[in-house]
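Chains, contacts and geometry: an overview
Listed below are the residues making up each chain.
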Amino acid sequence: MEKILDFSLPDKEFVALLDQVIQVLNTSQNGDEQKAAQAILTQFLETPDGWTRCDKILDDPGASSFAKFYGLQVLGEMVKYRWRTLPRETCESIRDYIVGKVRAREAWFQNYRMNNLVASKSPNAGCCRV
C-alpha cells in the first residue's frame, strides 16, 4: 500500500493502487488492514506534493468515485492550508483547472436535463413496448 507515496509511479499505476487502498479501507473485514489503509491515505494527504496528483485521479475515467472524492479532499486541503505559499502561476493553473471541471460538469448536467425534458415531451413518452 505504501507504493502510493512513490511519486515516480506512472499515473495509471498510481490511480489503480489508490483505488485498491481505498477499497481496503471501505471493504476489508480486517481492522488492522483498515487502519493501515487509513494511515497511508492520511500520510498521502499530508505529503506536501500529494495534491499534484489530484488531476490524474480526477481525469482518470477508470478511477472509482471514491478515489475521485479522495482526490477532491486532497485538493481541498491544499487550497485550505497551502494556497498562499504557492507561486501565483500555480494558483492560476489550479483555478483554471477547477473552473474547467465545473464548467464541463455543468454542461453535462444541462445536456442531461435537456434530454430528459425532450424525452418527457415526446408523444411516445410513457408508452411501453412489449
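Residues numbered from 1 in each chain as written. Predicted model: local features only at pLDDT ≥ 70, side-chain atom pairs only at ≥ 80, totals over all residues. Heavy atoms only, no water.

Regarding the overall build of the protein
Our working definition: Numbering of helices and strands runs from the N terminus, with a helix taken as a DSSP run of H or I at least four residues long and a strand as a DSSP run of E at least two residues long. Exposed residues in this analysis have more than 50% of their type's maximum accessible area, buried residues have under 20%, and partly exposed residues fall in between, with area computed by a 1.4 Å probe over protein chains only. Residue burial considers only the protein chains on display, and all accessible areas are found by Shrake-Rupley using a 1.4 Å probe.
Check the secondary structure of the protein and you find five helices and zero strands. Put simply, the protein has 130 residues, and 25% of those count as buried. Of the roughly 9200 Å² of accessible surface on the protein, a fraction of 55% belongs to carbon and sulfur atoms.

Considerations on the packing of aromatic side chains
Note the following rule: Aromatic pairing here means that ring centres of Phe, Tyr or Trp (its six-membered ring) are within 6.5 Å. Orientation follows from the plane angle: under 30 degrees is stacked, over 60 is edge-to-face, and everything else is tilted. Consider the ring centre and the ring normal. A charge sits over the ring if Lys NZ or Arg CZ is within 6 Å of that centre and within 35 degrees of that normal.
One pass over the full model with this rule turns up three aromatic pairs. Each member of the aromatic cluster is reached from another via a ring pair, and the members are F7, F14, F44 and Y70. Its guanidinium or amino end placed over the ring of F14, R53 lies 4.2 Å from that ring's centre, counting from NZ or CZ.

Here we look at the packing of helix α2 (residues 31–46) against helix α4 (residues 65–82)
For any two helices packed against each other, the geometry comes down to the angle between their axes and how far apart the axes lie. Rules: Structural elements are reduced to axes, namely lines fitted to C-alpha atoms, with helices fitted over the stretch in contact, and the angle between N-to-C directions of any two is expressed from 0 to 180 degrees. The cut-offs work like this: below 35 degrees is roughly parallel, past 145 is roughly antiparallel, 65 to 115 is roughly perpendicular, and the gaps in between are oblique. Whether a crossing is left-handed or right-handed is set by the direction in which the near helix is turned from the far one by less than a right angle, anticlockwise for left-handed and clockwise for right-handed. Any pair of residues with heavy atoms lying within 4.5 Å of one another is described as a contacting pair.
The interhelical angle for the contact between α2 and α4, taken along N-to-C directions, is 40°, at an axis separation of 9 Å. In terms of orientation, α2 and α4 fall into the oblique class. Relative to α4, the crossing made by α2 is right-handed. Counted together, L41, T42, F44, L45 and E46 of α2 and Y70, Q73, V74, E77 and R82 of α4 form the full contact between these two elements.

Points about the environment of S64
Under the convention used in this document: Polar contact is the term for a pair of N or O atoms within 3.5 Å; when the atoms are in protein, one must be able to donate a hydrogen and the other to accept it, and sequence-neighboring residues count only if both atoms are side-chain atoms.
Structurally, S64 can be placed in the loop between α3 (54–59) and α4. Taking relative accessible area as the criterion, S64 reaches 23% and is therefore assigned partly exposed. Along the sequence, S64 and A16 sit 48 residues apart, while their C-alpha atoms lie 9.1 Å from each other. At 2.5 Å, the side chain of S64 and the side chain of D19 are in polar contact.

Some details on the layout of surface pockets
As a reminder of what qualifies: The definitions used throughout rest on a 1 Å grid laid over the protein atoms alone, on which a cavity is an enclosed set of points accommodating a 1.4 Å probe that cannot get out and a pocket is an open set flanked by protein within 12 Å on both sides along at least five of seven lines; lining residues are those having an atom within 4 Å of a point. Grid points are joined across faces, edges and corners, and a volume is the space filled by probe spheres set on the points. Nonpolar residues are Ala, Val, Leu, Ile, Met, Phe, Trp, Tyr, Cys and Pro. Charged residues are Asp, Glu, Lys and Arg, and all others, Gly as well, are polar.
In this structure, the largest pocket spans a volume of roughly 320 Å³. Residue lining of the largest pocket: L58, K68, L72, L75, G76, Y97, I98, K101, V102, A104 and R105, and that is the complete set. At the level of secondary structure, the elements contributing two or more residues to the lining of the largest pocket comprise α4 and α5 (88–121). Top contributing element to the lining of the largest pocket by residue count: α5, with six residues. Taken together, the residues of the lining of the largest pocket sort by class into seven nonpolar, one polar and three charged. Computed from the structure, the second largest pocket encloses a volume of approximately 160 Å³. For the second largest pocket, the full set of lining residues is I22, L25, N26, Q38, L41, T42, L45, F66, F69, Y70 and Q73. Of all the secondary structure elements, the ones that give two or more residues to the lining of the second largest pocket are α1 (11–27), α2 and α4. A class-by-class count of the residues in the lining of the second largest pocket yields seven nonpolar, four polar and no charged.

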